[in-house]
Amino acid sequence: MMLKLVHLLGVLVCGGQAALQVSISLNKVELSVGESKFFICTAIGEPVRLEWYNPQGERIATSRRIALHTETSRSRLIIYNAIIEDAGIYRCQATDASGHTEEASVVLEIYQRLTFRDIQSPQEFRQGDTAEVVCDVISSPVPAVVWYYQEKEITEEYHNKYQVLANNNLQIHRVTKADEGVYRCEASVEARGEIDFVDIAVVVNVPPVLSVTQQSFNATADYQESVTFTCITSGSPDPVVTWHRKGQQLELSEQYIFNRLEGGRSILTIHNIQQGDGGTYSCKATNKAGSQERELFLKVFVQPHITQLKNVTAVEGSAAMISCVAEGEPLPDISWRRASDGQTFVEGDKRQDGRFEVRGRHGKSVLTISGVRLSDLGRFDCEAQSRIGGHQKSMFLDIEYVPKFLTNHTIYYSWEGNPVNISCDVMSNPAATMLWRRERFTISAERTATTRVHTAEGKSVLEVTPMSDRDFGRYNCTARNNIGARYQEFILAQADVPSNPYSVRLSAVSQRLATVTFMKPDSHGGVPISYYLVQYKEVGSQDWRDIKSHSVQTTVVLTGLEPNTTYEVRVAAVNGKGQGEFSHTETFQTLPIREPSPPAVHGQRGMGKAYRLGLVKQDDGGMPIVEYIVKYKTCSSFPPCQDKEEQWMTKLVPGANDFAMLQPLQWNTRYEVEITARNVKGLSEPTFYQFFMPQEPDITAESLFSGLGLGAVVGLGLGALLLLIVLVDISCFFLRHCGLLMCITRTLCSKKTATSGKGKEMEEGKAAYLKLPLKEENGKESLKPDTIEIKVHSDNSIHTKPDDSKA
């Protein structure tokens, strides 16, 4: 090499044009795949062109992996990321101006280093399949591959389970979950001493196994019920569970709730079950190894629901058909009930009258009523019933019919100038129009001198004011609707006064009162009786006194009569036309004045040692009770009392009082009481009464306050405080001449007061005189004297004498 350069230099120096020479920096190069390399080509002389040629003899141009950088006598060839195909002889050719060429070459050898291509980890396989673990390794020369599992070399002794294929892949027969793990693929090139490995994770996927705890479910719609489906899954990897219905996957919502629990349990909860939620649901478990699906069935029971029931209108005497349609799961049975009497109608029933018939199928029932009557009018209930529940709806059967008159009162009475209302009452459906006629002429609704028509729903009133005889007679009321027409005839007759009452009787005659009874007259004159007029007077008198009966009662009480007096009485009936004739005159005499009847007595225990006697006045004999004389004494035996030695105690009670209070009495003692009523005529027969005073109660502080509430205790405390204040005030009055009482005394004493000469107290032992007015009369003249003195002595005896001042 050096010799050539020296020779070339000599030629140039010695003279003349130098010869063209080419050289490359390297003669032979080894390059591994993927590496990059450059080569420099140098030309000596005067080259006009330097060019590179590839192993195929093609001139090299700059490309993506090959670059050329050329100067006058120098050119650099760069090869990036060498590949096997780049191997061969590369030539550099120089050309001078005369066209002479010289070239040099370089040999490029390319080898493949150990390279693992696209090794995936982990590599997944389905359990039970033949797994082929891929280990794609290349090199030049071809590498030797050895497999390891759990740090042990896989040799031929494992041939029944493992096999290394020609492509260096590892085949695992009938792979199981136990074969999972990390496998090592080791490759080596002995010529270069090159070795490398890659670890590959093997994952065995197990297909899902799915089971359900319950396959069929029941629920009731419209009751806010919920149903929970449960699927139990296993597999590797853990399966993804989805729920499907009618080929569509269910999505999370307010109605569908999904939950995943331990143990591989997947739960679907369906809230607020509706009728449309019934049917087949599927639970699907899916993983990389496959999928499995199970069906579950939901049966939704639906409460019976009546969907169609309408009101029906029928004509009396025709047929009515009522239809009721109901739905539900299971399909309900339908029955009918008439609300007016509770009678039920079901399919297959046969009624005695044969008017009602029920037919139905597939949730529809038709009730047919033949020969409809007015009694069928009203509400009918359709009842749909199943084992889930029931539903009821009602309809109204309306019946149309010709007008019907409601009253048989067809005769009316009046008199000239007296208006009368003739009422035509009609029941009809639909509503009827009504007209009045007389002697074939229609009476105008407009007011006339004698007629006027008042119309309301179902009623027409003809007001007639007869002015002469021709206004009395027959009147016709015609009622008409679209079903038909009916008419009713009324008669307007002239009224008269009532006939006379009869059988006048007097009863319960006393000194001041008498009761008159009588029989109604045979004729009221065509007009209702308004009242009865009772007249009475003393015999010999010309002045009748009138008393009207209450309404049309045939009993009248005469009051304010004089004792021992004879009266005459008669009765007449009065109606709108006027007063009728009087009855036959009856005579009666009031009773004379006498002593009162014995009083009625009832007793009641009083407070402490008191006893309250209730006094009930009986017949006062025609004069007021002046007083009650109450005498009482102790009695040691049961009635009759035998203690004659006991002294009577006397208490006078004013006649206006209705009770007498006896006190103080002895505890644990029986008393006998004699009560006598007195009027001015004298004393009644005595009334006897006995009562028993109980034992003295044991009153202690504990018993006194144990039954009292908080309010009573507070009241007693305030009362005690008030009493203490009064005592202090009295002490101040007497000891220090001060206090509230002192102020009141001074105020009163400073005023001038008039003293009454009649206010004189009775001394003990002296007689007391009471002057009582007398008004006992027998209807002729008053008794004398007008007052009686009653002298009450200390021995409780009573004496009476006339007042001397009136003598």
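Remember, predicted model here, so these are calculated numbers, not experimental data. (Residues numbered from 1 in each chain as written. Predicted model: local features only at pLDDT ≥ 70, side-chain atom pairs only at ≥ 80, totals over all residues. Heavy atoms only, no water.)

Asks: Give a detailed account of the overall build of the chain, specifying residues and quantitative values.
Replies: When helices and strands are tallied, the chain shows four helices and 61 strands. Within the chain, the proportion of its 807 residues that are buried is 36%. Intrachain contacts of the chain at a sequence separation of at least 6 include 60% that bridge at least 24 residues. Surface exposure of the chain reaches about 48200 Å², of which carbon and sulfur atoms provide 51%. (Helix = DSSP H or I, 4+ residues; strand = E, 2+ residues; numbered from the N terminus. Buried < 20%, exposed > 50% of the residue type's maximum accessible area, 1.4 Å probe, protein only. Contact = heavy atoms within 4.5 Å. Areas by Shrake-Rupley, 256 points an atom, 1.4 Å probe, with all protein chains shown as cover.)

Asks: How would you explain the state of the cysteines if you had to name every residue and give the values?
Replies: All chains considered together, the criterion is met by five disulfides. The partner cysteine of cysteine 41 in its disulfide is cysteine 92, sulfur to sulfur 1.8 Å. Where cysteine 41 bonds to cysteine 92 through sulfur, the torsion about that S-S bond is close to -85 degrees, and the disulfide is left-handed. Of this pair, cysteine 41 sits in strand 3 (residues 37-44) while cysteine 92 sits in strand 7 (residues 88-96), and the two are 51 residues apart along the sequence. By relative accessible area, which is 0% here, cysteine 41 ends up buried. Judged by relative accessible area, which is 0%, cysteine 92 ranks as buried. Between the sulfur atoms of cysteine 231 and its disulfide partner cysteine 283 the distance amounts to 2.3 Å. Of the two residues, cysteine 231 is situated in strand 20 (residues 227-236) and cysteine 283 in strand 25 (residues 279-287); the sequence distance between them amounts to 52 residues. (Disulfide = S-S within 2.5 Å.)

Asks: Hey, could you go over the pairing of strand 29 (residues 333-338) for me, with residue numbers and the actual values?
Replies: With six bridges connecting them, strand 29 and strand 33 (residues 378-385) associate as antiparallel partners. The partner of isoleucine 334 across the bridge, within strand 33, is alanine 384. Strand direction decides the pairing type here: strand 29 and strand 30 (residues 344-345), joined by two bridges, are antiparallel. Within strand 30, the residue paired with arginine 337 across the bridge is threonine 344. (Pairing = 2+ DSSP bridges.)

Asks: Before we move on, can you summarise unusual backbone geometry with the specific residues and values?
Replies: What is expected of a backbone is that most residues other than glycine have negative phi and most peptide bonds are trans. That bond from serine 140 to proline 141 is cis: its omega, 0 degrees, falls within 30 degrees of zero. Position of proline 141 relative to the elements: it lies in the loop between strand 12 (137-138) and strand 13 (144-149). Cis peptide bonds are those with omega within 30 degrees of zero, and the linkage from glutamate 329 to proline 330 qualifies with 0 degrees. Here proline 330 lies in the loop between strand 28 (320-329) and strand 29.

Asks: Account for the side chain of glutamine 112, naming residues and giving values.
Replies: By the secondary structure assignment, glutamine 112 is in the loop between strand 8 (101-111) and strand 9 (115-116). Note on glutamine 112: relative accessible area 11%, which makes it buried.

Asks: Got a sec to walk through the sheet that holds strand 11 (residues 131-133)? Specific residues and values, please.
Replies: What the three strands build is an open sheet, ordered 11-16-15; its pairing is antiparallel. The sheet terminates laterally at strand 11 and strand 15 (162-164), the two strands that pair on one side only. Taking each pair of neighbouring strands and ignoring which way they run, the sheet shows an average axis angle of 20 degrees. Pairing of strand 11 with strand 16 (residues 170-172) involves three bridges; the strand directions are antiparallel. The residue bridging valine 133 from the neighbouring strand is leucine 170, located in strand 16. (Axes fitted to C-alpha atoms, helices over the stretch in contact; angles between N-to-C directions.)

Asks: Would you mind going over the environment of valine 182 in detail, with residue names and values included?
Replies: Mapped onto the elements of the fold, valine 182 is located in strand 17 (residues 181-189). As a C-alpha pair, valine 182 and valine 202 span 20 residues in sequence and 6.1 Å in three-dimensional space. For valine 182, the contacting residues outside a window of four places in its chain are Tyr148, Tyr149, Gln150, Asp199, Ile200 and Ala201.

Asks: Which residues make up the pattern of salt bridges, and what values do they have?
Replies: Inspection of every chain in the model, using the stated rule, returns 26 salt bridges. With a shortest N-O distance of 2.9 Å, glutamate 180 and lysine 177 are connected by a salt bridge. Arginine 192 is the partner of glutamate 194 in a salt bridge, and the nearest nitrogen-oxygen pair spans 2.9 Å. Look at the salt bridges and you will find they share partners, linking Arg337, Arg379, Asp381 and Glu383 into a network. (Salt bridge = Lys/Arg side-chain N within 4 Å of Asp/Glu carboxyl O.)

Asks: Run through the confidence of the model for the chain, naming residues and quoting values.
Replies: Low pLDDT means the predicted atomic positions in that stretch should not be read closely. With 87% of its residues at a pLDDT of at least 70, the chain reaches an overall mean of 85. Note that residues 1-16 has pLDDT below 50 and, in this model, eight contacts with residues that lie over four places away or in other chains. In this model, residues 751-807 is a region of pLDDT below 50 whose contacts with residues beyond four sequence positions or in other chains number 73 contacts. (pLDDT = per-residue confidence, 0-100.)

Asks: Report on the packing of aromatic side chains, specifying residues and quantitative values.
Replies: In this structure the tally under the stated criterion is 15 aromatic pairs. Seen in terms of ring centroids, tyrosine 412 and phenylalanine 490 are 6.3 Å apart; in terms of plane orientation they differ by 55 degrees. Their pairing is tilted. Taken together, the residues span a long stretch of sequence, with tyrosine 412 in strand 35 (residues 411-414) and phenylalanine 490 in strand 42 (residues 485-494) at a distance of 78 residues. When sorted by exposure, tyrosine 412 lands in the same class as phenylalanine 490, which is buried. Among the aromatic side chains, those forming a connected cluster through ring pairs are Phe217, Phe229, Trp243 and Tyr281. The cationic tip of arginine 76 hangs over the ring face of phenylalanine 38; the distance from NZ or CZ to the ring centre is 5.4 Å. (Phe/Tyr/Trp six-rings, centres within 6.5 Å; stacked < 30°, edge-to-face > 60°. Lys NZ or Arg CZ within 6 Å of the ring centre and 35° of its normal.)

Asks: Report on the sheet that holds strand 2 (residues 28-32), specifying residues and quantitative values.
Replies: Strand order in this open sheet of four strands is 2-8-7-4, and the pairing throughout is mixed. In this open sheet, the two strands that pair with only one neighbour each are strand 2 and strand 4 (47-53). Taking the axes of each pair of neighbouring strands and ignoring which way they run, one obtains an average angle of 20 degrees across the sheet. Pairing between strand 2 and strand 8: five bridges, direction parallel. Bridge pairing in strand 8 links valine 29 to leucine 108.

Asks: Please set out the side chain of threonine 233 residue by residue, giving values where relevant.
Replies: Secondary-structure assignment places threonine 233 in strand 20. Residues in contact with threonine 233, not counting those within four places in the same chain, are Val209, Leu210, Pro239, Val241, Arg260, Gly263, Gly264 and Ala285.

Asks: Please provide a residue-by-residue account of a nonpolar patch on the surface, values included.
Replies: On the surface, Leu722, Leu723, Val726, Leu727, Ile730, Phe734, Leu735 and Leu741 cluster together into a nonpolar patch covering about 780 Å² of accessible area. Locating valine 726 in the fold gives a position in helix 3 (residues 710-735). On the accessibility criterion, valine 726 (39% relative accessible area) is partly exposed. (Patch = residues over 30% accessible without salt bridge, like charges linked within 9 Å, V, L, I, M, F, W, Y side chains within 5 Å.)

Asks: I'd like a description of the environment of aspartate 619, backed by residues and values.
Replies: Tracing the chain through its elements places aspartate 619 in the loop between strand 52 (611-616) and strand 53 (627-635). By relative accessible area, which is 31% here, aspartate 619 ends up partly exposed. Taking the C-alpha atoms as reference points, aspartate 619 and proline 598, 21 residues apart in sequence, are found 8.1 Å from one another. If near-sequence neighbours (up to four positions away) are discounted, aspartate 619 is found in contact with Gln511, Arg594, Pro596 and Ser597. Of the polar contacts made by the side chain of aspartate 619, one reaches the backbone nitrogen of glycine 621; its length is 3.0 Å. (Polar contact = N/O pair within 3.5 Å; in protein donor to acceptor, adjacent residues only side chain to side chain.)

Asks: Account for the pairing of strand 34 (residues 390-405), naming residues and giving values.
Replies: Inspection of the sheet shows strand 27 (residues 312-315) paired to strand 34 by four bridges, in the parallel sense. By the bridge assignment for strand 34, valine 312 is matched with leucine 397. Direction of pairing for strand 33 relative to strand 34: antiparallel, over a ladder of eight bridges. The residue bridging aspartate 381 from the neighbouring strand is serine 394, located in strand 34.

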